[in-house]
Amino acid sequence: MQAAVLRGTQNGYDLVLKQSASLDQILVDLKTLLENLKVDPQAQETSKVSLDVLTEDRILTAEEKQQIEQMVGNYPRFEIHKIAANVITVADAQQLRERENVHLLSKVIRNGQEVSMQGDVLFLGTIHEGGKLCTTGNIFSMGNVGGILQAGYPDDESKLVMGNLESAQQIRIAEQFDIIEPDELQPSPQTIAYVNDLHVLSYGHLDKLKKINPKLYNQIGGI
C-alpha cells in the first residue's frame, strides 16, 4: 500500500498521507511520488501545483509537518496549500465550543482593565469608563456600560452589540468604532449597533433585527 497518494480534484490536487503508515514510510513514498512526477513528461508545466495535504485521522505534530513541508519544498514545482486532518485536537474542540456558546458574564470591569472572551457574551455587570469588554462574537448587554464594548474581534463585521448603549464610552465592531457623544443615543435596552453595507458602524432597534441581521434573527427564533 502506498503511504502517499496523489489524487486530482475539481480544485487541484489532494495529497493523501495514509494514517496507518509510519512517518518514515510516508516520507519514502512521498519522495518517490514527487520524483516520478518531476520526470513525467506530461507533468512538465510552468505553473506551480498546489497540494492540499490530507492526513486522514492522524494529527501531525509541528515537527512532522515541518518534515513534510521540507520534503515538498525540495521540488519547486509543488507547494502546500494546507495540511488538514479529519479530526481536531481537544484544544481546538474546546475553543470551537466556546465560540458557539453564549457566555454569561457578571462582573465589574474597572478603568484600565480589559476582559477578552470568545463567542457571544450576555453581560450583566458594570464597565467603568476606561474599562473594556472584547469578544469574537456578539455582545448582549443588560448591565451598566460606561466603558468600551467590542464585538467581532478582530475583523468580523457581521457581529452586533445590543443593549442600552447611551452611556458607553465607545462601541467597536471588528475594526469599525464610534465614540458615543452625549445625547447621541436614546436610553433604550433594545439598541443595536451593527456595521452596515458601507462598512460604517450604525445603530438600529431590536424590532429591525430581521432586516439588520437575518442570520442572527433566525438563530434566535425571531422576535
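Check the entry above for the structure.
The rules behind these values
- Residues numbered from 1 in each chain as written.
- Predicted model: local features only at pLDDT ≥ 70, side-chain atom pairs only at ≥ 80, totals over all residues.
- Heavy atoms only, no water.
- Helix = DSSP H or I, 4+ residues; strand = E, 2+ residues; numbered from the N terminus.
- Buried < 20%, exposed > 50% of the residue type's maximum accessible area, 1.4 Å probe, protein only.
- Contact = heavy atoms within 4.5 Å.
- Areas by Shrake-Rupley, 256 points an atom, 1.4 Å probe, with all protein chains shown as cover.
- Pairing = 2+ DSSP bridges.
- Axes fitted to C-alpha atoms, helices over the stretch in contact; angles between N-to-C directions.
- Core = buried A, V, L, I, M, F, W, Y, C linked by side-chain atoms within 4.5 Å.
- Salt bridge = Lys/Arg side-chain N within 4 Å of Asp/Glu carboxyl O.
- Lys, Arg positive; Asp, Glu negative; His and termini not counted.
- Polar contact = N/O pair within 3.5 Å; in protein donor to acceptor, adjacent residues only side chain to side chain.
- Right-handed = clockwise from strand over helix to strand, strands pointing away.

Asks: Tell me about the overall build of the chain, residues and numbers included.
Replies: If you tally the helices and strands in the chain, you get five helices and 18 strands. For the chain, the residues scored as buried account for 38% of the 223 residues in total. Taking the contacts inside the chain whose residues are at least 6 apart along the sequence as the reference set, 33% of them involve residues at least 24 apart. Per element, the accessible surface of the chain, about 13300 Å² overall, is 47% carbon and sulfur.

Asks: Give a detailed account of the sheet that holds strand E16 (residues 176-179), specifying residues and quantitative values.
Replies: As summarised here, the arrangement of the five strands in space is E7-E10-E13-E15-E16, forming an open sheet in which the pairing is mixed. Bordering the open sheet on either side are strand E7 (114-117) and E16, each of which pairs with just one other strand. Strand after strand, the sheet turns through a mean of 10° between neighbouring axes, direction not considered.

Asks: Please provide a residue-by-residue account of the sheet that holds strand E12 (residues 144-145), values included.
Replies: Spatial ordering of the open sheet is given by E6-E9-E12, a layout of three strands whose pairing is parallel. In the strand order of this sheet, the two ends are held by strand E6 (108-109) and E12, each with one partner. By the bridge criterion, two bridges tie strand E9 (residues 126-127) to E12 in an arrangement that is parallel. In the strand pairing of E12, Thr126 is matched with Asn144.

Asks: So what's going on with the nonpolar core? Residues and values would help.
Replies: Among soluble globular proteins, nonpolar side chains are generally buried collectively. Core analysis: the biggest nonpolar cluster contains 22 residues, and Phe123, Leu133, Leu149, Val161 and Ile171 have the highest contact counts within it. At the level of elements, E7, strand E8 (120-123), strand E13 (148-151), strand E15 (170-173) and strand E17 (191-195) are the ones that each hand at least two residues to this core. Setting aside its immediate chain neighbours within four residues, Val161 contacts Ile139, Leu149, Ala151, Ile171, Arg172, Ile173, Thr191, Ile192 and Ala193.

Asks: Can you tell me about the pattern of salt bridges, naming the residues and giving the values?
Replies: The final tally for this structure, using the stated rule, is three salt bridges. Between Asp14 and Arg7 there is a salt bridge, with the nearest N and O atoms lying 3.7 Å from each other. The partner of Glu56 in a salt bridge is Lys18, and the shortest N-O contact between them spans 3.7 Å. With Glu56 in the loop between strand E3 (49-54) and helix H2 (62-73) and Lys18 in the loop between strand E2 (12-17) and helix H1 (23-39), this pair connects stretches of sequence that are 38 residues apart. With relative accessibility at 21%, the residue Glu56 sits in the partly exposed group.

Asks: Quick rundown of the side chain of Asp29? Include the residues and the values.
Replies: Tracing the chain through its elements places Asp29 in helix H1. Buried within the structure, Asp29 lacks any salt-bridge partner; Arg58 is the closest side chain of opposite charge, at an N-O distance of 10 Å. Among the polar contacts listed, one links the side chain of Asp29 to the side chain of Gln25, at a separation of 2.8 Å.

Asks: Describe the pairing of strand E4 (residues 78-84), and please don't skip the residues or the numbers.
Replies: Two elements, E3 and E4, share six bridges in a ladder whose sense is parallel. In the strand pairing of E4, Val53 is matched with Ile83. Read from E3 through H2 to E4, the crossover connection turns out right-handed.

Asks: Quick rundown of the environment of Ala151? Include the residues and the values.
Replies: Along the polypeptide, Ala151 turns up in strand E13. In this structure Ala151 comes out as buried when scored by relative accessible area, which is 0%. Separated by 32 residues in sequence, Ala151 and Gly119 have C-alpha atoms that sit 9.3 Å apart. Discounting chain neighbours no more than four positions away, the residues touching Ala151 are Thr135, Gly137, Asn138, Ile139, Lys159, Leu160, Val161, Arg172, Ile173 and Ala174.

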